[in-house]
Amino acid sequence: VTFGGSTHTRALHFCKTALSAVSIEEKQMAILQRYRNELSRITQVASTFFDIDIAVFDRESRLVSFTDAYLRQKGQLVHAPSIQEVMDHGKVLVNKPGHMEACVGCRFKGQCPATIEILRSIRIDGYPIGVVSFTSFSKHGHDRITRDTQLYVDAVDIFADWITDTVLNQENSQAVASNARMLQSSLDLSPTALFTIDHLGAIVHCNQPTVELFSFCDLYTRSIYHILPPDLADKVLEGRSLTDIRV
């Protein structure tokens, strides 16, 4: 909504920022690292629930979240080819860790401390952003998973989707906040009184000229019905275009 008599009202343009220098793929490579704290919490919950050790890796094969036992047994270094294989194929069951083709070149040299692993890629819109591993380091764990492999395959699917949902929720929350900041900055650039309203007419954003024009009221506790006649307010909420209206 615009108020003011100026014939030189500025048009507000939402421009793409300088982030265009960074490709979508490059941003997605590091997306899991941005949410390490959230992923660490759900990793511990899933590990307890499924009674298994878990590790999450990003696209660069770096550890993002993990259980204590996983870190003790395998450390921070990751054999990148095995992670890349999962991102290429979507899901891999490693029944004999250390003896698979992707294990060639691993520092454990056939002496992998894991007894069984189920790995699954984490994807957003079909694009792999990382890998989750369900791992056991004991014969008991190996036998338990082998007896009911499908249960754990389904479990790793559920957990990978949980990670995707967590990341998307965080990204969407940040996008909403970023859009709000961009909108406010754009309003602040205009010398004309401008404000935005929600679907009920409550004032959501406004710039300083609007505050000065309506200095008699606290705009952020008001709605459009407090500053416009009801018939005009109704037309605004209906989405009608109103020009050269004097109140």
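Higher on the page you've got the structure.
The following paragraphs examine the structure supplied in this document. (Residues numbered from 1 in each chain as written. Predicted model: local features only at pLDDT ≥ 70, side-chain atom pairs only at ≥ 80, totals over all residues. Heavy atoms only, no water.)

Points about the nonpolar core
Our working rule: The set of buried Ala, Val, Leu, Ile, Met, Phe, Trp, Tyr and Cys residues whose side-chain atoms join them within 4.5 Å is what this entry labels a nonpolar core. Only protein chains enter the calculation, and the probe is 1.4 Å; a residue is then buried if its accessible area is under 20% of its type maximum, exposed if over 50%, and partly exposed in between. Only DSSP runs of H or I covering at least 4 residues are called helices, and only runs of E covering at least 2 are called strands; the numbering of each starts at the N terminus.
Core analysis: the biggest nonpolar cluster contains 28 residues, and Leu32, Val56, Ile122, Val132, Phe134, Phe159 and Ile163 have the highest contact counts within it. Elements with a contribution of two residues or more to this core: helix H2 (36-50), strand S2 (53-58), strand S5 (116-124), strand S6 (127-136) and helix H6 (149-189). Ranked by size, the runner-up nonpolar core spans 15 residues in total, among them Phe57, Tyr70, Cys112 and Leu119.

Re the environment of Glu101
With respect to the helices and strands, the residue Glu101 is situated in the loop between strand S4 (91-94) and S5. On the accessibility criterion, Glu101 (75% relative accessible area) is exposed. In this structure, the C-alpha to C-alpha distance between Glu101 and Glu85, residues 16 residues apart in sequence, is 9.9 Å.

Quick word on unusual backbone geometry
For Asp51, which is not glycine, the phi torsion reads 55° and is therefore positive. Tracing the chain through its elements places Asp51 in the loop between H2 and S2. Phi at Asp125 is positive, roughly 55°, even though this residue is not glycine.

What about the packing of H2 against H6?
What counts here: With axes taken as lines fitted to C-alpha atoms, and helix axes fitted only over the stretch in contact, angles between N-to-C directions fall between 0 and 180 degrees. These descriptions rest on fixed angle ranges, namely under 35 degrees for roughly parallel, over 145 for roughly antiparallel, 65 to 115 for roughly perpendicular, and the rest for oblique. The handedness criterion is simple: a crossing whose near helix is rotated anticlockwise from the far helix by less than a right angle is left-handed, and one whose near helix is rotated clockwise is right-handed. Pairs of residues are marked as contacts when any of their non-hydrogen atoms sit within 4.5 Å.
Running from amino to carboxyl end, H2 crosses H6 at an angle of 160°, the nearest separation of the two axes being 11 Å. When the interaxial angle is binned, H2 and H6 end up roughly antiparallel. Considering the relative orientation of H2 and H6, their crossing is right-handed. On H6, the residues that touch Glu38, Leu39, Ile42, Thr43, Val45, Ala46 and Phe50 of H2 are Tyr152, Ala155, Phe159, Trp162, Ile163, Thr166 and Gln170.

Some thoughts on helix H5 (residues 139-147)
For the record, the criterion: Here, the arc refers to the directions that run from the helix axis to the C-beta atoms.
Restricting attention to buried positions, one finds in H5 the residues Gly141, His142, Arg144 and Ile145. End-on, the buried residues of H5 take up no more than an arc of 165°, which puts them together on one face. Along H5, the residues that are exposed and aim more than 90 degrees away from the buried face are Lys139, His140 and Arg147. Tucked inside the fold, the buried residues of H5 contact H2, S5, S6 and H6.

Notes on the pairing of strand S7 (residues 193-197)
Under the convention used in this document: Strands are treated as partners if at least two bridges between them are detected by DSSP.
Most of S7 sits out of view: four of its five residues are buried. Pairing between S7 and strand S8 (residues 203-206): three bridges, direction antiparallel. Following the sheet pairing, Thr196 is matched in S8 by His205. The turn linking S7 back onto S8 is made up of five residues, and Gly201 within it adopts a positive phi angle of 100°.

Thoughts on the sheet that holds S2
The strand order across the open sheet formed by five strands is S3-S2-S6-S5-S4, and the pairing between neighbours is antiparallel. The strands lining the two open edges of the sheet, one partner per strand, are strand S3 (63-66) and S4. Across the sheet, the mean angle from the axis of one strand to that of its neighbour is 20°, orientation sign disregarded. By the bridge criterion, three bridges tie S2 to S3 in an arrangement that is antiparallel. Across the sheet, residue Ala55 finds its bridge partner in S3, namely Phe66.

What about a nonpolar patch on the surface?
Cut-off, in case you're wondering: Each patch is built from residues that are more than 30% exposed by relative accessible area and take part in no salt bridge. Like charges join if they lie within 9 Å; nonpolar side chains (Val, Leu, Ile, Met, Phe, Trp, Tyr) join within 5 Å. Per-residue accessibility takes into account occlusion by the displayed protein chains alone, with areas from the Shrake-Rupley method and a 1.4 Å probe. We count a salt bridge whenever a side-chain nitrogen from Lys or Arg sits within 4 Å of a carboxyl oxygen from Asp or Glu.
A contiguous nonpolar surface patch, about 280 Å² in accessible area, is contributed by Leu242, Ile245 and Val247. Secondary-structure assignment places Val247 in the segment after helix H8 (230-237). Residue Val247 is classed as exposed on the basis of its relative accessible area, which comes to 68%.

Examining the packing of aromatic side chains
Aromatic ring pairs are defined here through the distance separating the ring centres and the angle between the ring planes. We count it as follows: Two aromatic rings from Phe, Tyr or Trp, using only the six-membered ring of Trp, form a pair when their centres are within 6.5 Å; if the ring planes differ by under 30 degrees the pair is stacked, by over 60 it is edge-to-face, and anything between is tilted.
As enumerated under the stated definition, the model contains six aromatic pairs in all. When the centroid spacing of 5.9 Å and the interplanar angle of 65° are considered together, the rings of Tyr70 and Phe137 count as edge-to-face. Separated by 67 residues along the polypeptide, Tyr70 in helix H3 (residues 68-74) and Phe137 in the loop between S6 and H5 bring together distant segments of the chain. Considered together, Tyr70 and Phe137 belong to a single accessibility category, that of buried residues. Look at Phe134 and Phe159: their rings are 6.0 Å apart centre to centre, the planes differ by 45°, and that puts the pair in the tilted class. Here Phe159 lies in helix H6 and Phe134 lies in strand S6, a separation of 25 residues in the sequence. Looking at Phe134, the relative accessible area reads 0%, which means it is buried. In this structure Phe159 comes out as buried when scored by relative accessible area, which is 0%.

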